[in-house]
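# Secondary and tertiary structure notes
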Amino acid sequence: MSSQCPGKNSWPELVGTNGDYAASVIERENRRVDAIVILDGTPVTADFRCNRVRVRVDSNRIVVKVPTAG
(Lines give C-alpha, C1' and ligand atoms only; values in the text may rest on other atoms or scores of the structure.)
Protein backbone atom coordinates (compact mmCIF):
# COMPACT_ATOMS: atom_id res chain seq x y z
CA MET A 1 0.00 0.00 0.00
CA SER A 2 2.76 2.45 0.79
CA SER A 3 3.62 2.71 -2.93
CA GLN A 4 0.51 4.94 -3.20
CA CYS A 5 2.37 7.65 -1.30
CA PRO A 6 4.58 10.27 -2.98
CA GLY A 7 8.29 10.39 -2.23
CA LYS A 8 10.32 7.84 -0.33
CA ASN A 9 8.00 5.64 1.72
CA SER A 10 10.08 2.78 3.13
CA TRP A 11 13.31 2.78 5.20
CA PRO A 12 14.66 -0.79 5.60
CA GLU A 13 18.14 0.59 6.23
CA LEU A 14 16.98 2.00 9.60
CA VAL A 15 16.17 -1.36 11.21
CA GLY A 16 18.60 -1.81 14.11
CA THR A 17 19.20 1.92 14.62
CA ASN A 18 17.98 4.22 17.39
CA GLY A 19 14.31 5.12 16.96
CA ASP A 20 14.75 8.85 17.50
CA TYR A 21 17.58 8.94 14.97
CA ALA A 22 15.42 6.95 12.53
CA ALA A 23 12.52 9.38 12.93
CA SER A 24 14.78 12.34 12.15
CA VAL A 25 16.17 10.62 9.03
CA ILE A 26 12.66 9.77 7.82
CA GLU A 27 11.36 13.32 8.26
CA ARG A 28 14.45 14.72 6.53
CA GLU A 29 14.15 12.34 3.55
CA ASN A 30 10.40 12.84 3.12
CA ARG A 31 9.14 16.20 4.38
CA ARG A 32 5.53 15.12 3.76
CA VAL A 33 5.52 12.69 6.70
CA ASP A 34 5.53 12.80 10.48
CA ALA A 35 7.54 9.94 12.00
CA ILE A 36 6.13 8.66 15.28
CA VAL A 37 8.25 6.44 17.54
CA ILE A 38 6.15 3.75 19.25
CA LEU A 39 6.88 0.63 21.26
CA ASP A 40 6.40 -2.47 19.09
CA GLY A 41 3.11 -4.13 19.98
CA THR A 42 1.38 -0.91 20.98
CA PRO A 43 -2.21 -0.89 19.65
CA VAL A 44 -2.66 1.57 16.78
CA THR A 45 -5.45 2.61 14.45
CA ALA A 46 -5.74 0.71 11.17
CA ASP A 47 -6.35 3.75 8.96
CA PHE A 48 -3.90 4.33 6.10
CA ARG A 49 -2.29 7.78 5.93
CA CYS A 50 0.52 8.78 3.57
CA ASN A 51 1.69 11.49 5.97
CA ARG A 52 2.43 9.07 8.84
CA VAL A 53 5.33 6.71 9.47
CA ARG A 54 5.31 4.59 12.60
CA VAL A 55 8.80 3.78 13.84
CA ARG A 56 8.40 0.60 15.89
CA VAL A 57 11.03 0.15 18.58
CA ASP A 58 11.88 -2.31 21.35
CA SER A 59 12.36 -1.41 25.01
CA ASN A 60 15.87 -0.13 24.19
CA ARG A 61 14.44 2.24 21.52
CA ILE A 62 15.99 0.20 18.69
CA VAL A 63 13.97 -0.01 15.45
CA VAL A 64 12.65 -3.57 15.06
CA LYS A 65 10.46 -3.33 11.92
CA VAL A 66 10.88 -1.55 8.59
CA PRO A 67 9.34 1.93 8.90
CA THR A 68 6.85 2.52 6.07
CA ALA A 69 4.38 5.26 5.23
CA GLY A 70 0.81 4.46 6.13
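Every chain's residues receive numbers from 1 upward, in the order its sequence appears when written. Only residues with pLDDT of at least 70 get local features here, since the model is predicted, and only at 80 or more are side-chain atom pairs given and counted; chain-wide, interface and lining totals rely on the full set of residues. Note: side-chain values were computed over all heavy atoms of the structure, leaving out hydrogens and water.

## Quick word on the side chain of Arg52
The secondary structure listing takes helices from DSSP runs of H or I that are at least 4 residues long and strands from runs of E that are at least 2 residues long, numbered from the N terminus. With respect to the element layout, Arg52 can be found in strand β2 (residues 52-57). Owing to a relative accessible area of 5%, Arg52 belongs among the buried residues under this scheme. Under the rule applied, a polar contact is a pair of N or O atoms within 3.5 Å (in protein, one hydrogen donor and one hydrogen acceptor; residues adjacent in sequence only if both atoms are side-chain atoms). From its side chain, Arg52 meets the backbone oxygen of Gly70 in a polar contact 2.6 Å long. Residue contacts follow a heavy-atom distance rule, with two residues in contact if any of their heavy atoms lie within 4.5 Å. Setting aside chain neighbours within four positions, we find Arg52 in contact with Val33, Asp34, Ile36, Thr45, Asp47, Thr68, Ala69 and Gly70. Here the term buried applies to any residue with accessible area under 20% of the maximum for its type, exposed to any over 50%, and partly exposed to those in between, with areas from a 1.4 Å probe on protein chains only.

## With respect to the environment of Glu27
You can see Glu27 is positioned in helix α1 (residues 19-29). Remark: the alpha-carbon pair of Glu27 and Arg52, spanning 25 residues in sequence, is separated by 9.9 Å. Residues in contact with Glu27, not counting those within four places in the same chain, are Val33, Asp34 and Ala35.

## A closer look at the state of the cysteines
Disulfide: a pair of cysteine sulfur atoms within 2.5 Å of each other. Within the structure shown, the criterion is met by one disulfide. The residue that forms a disulfide with Cys5 is Cys50, at a sulfur-sulfur distance of 2.2 Å. The sign of the S-S torsion, about -80°, decides the handedness of the disulfide formed by Cys5 and Cys50: left-handed. Linking Cys5 in the segment before α1 with Cys50 in the loop between β1 (34-39) and β2, this pair joins segments that are 45 residues apart in sequence. Of the residues examined, Cys5 reaches a relative accessible area of 6% and is grouped as buried.

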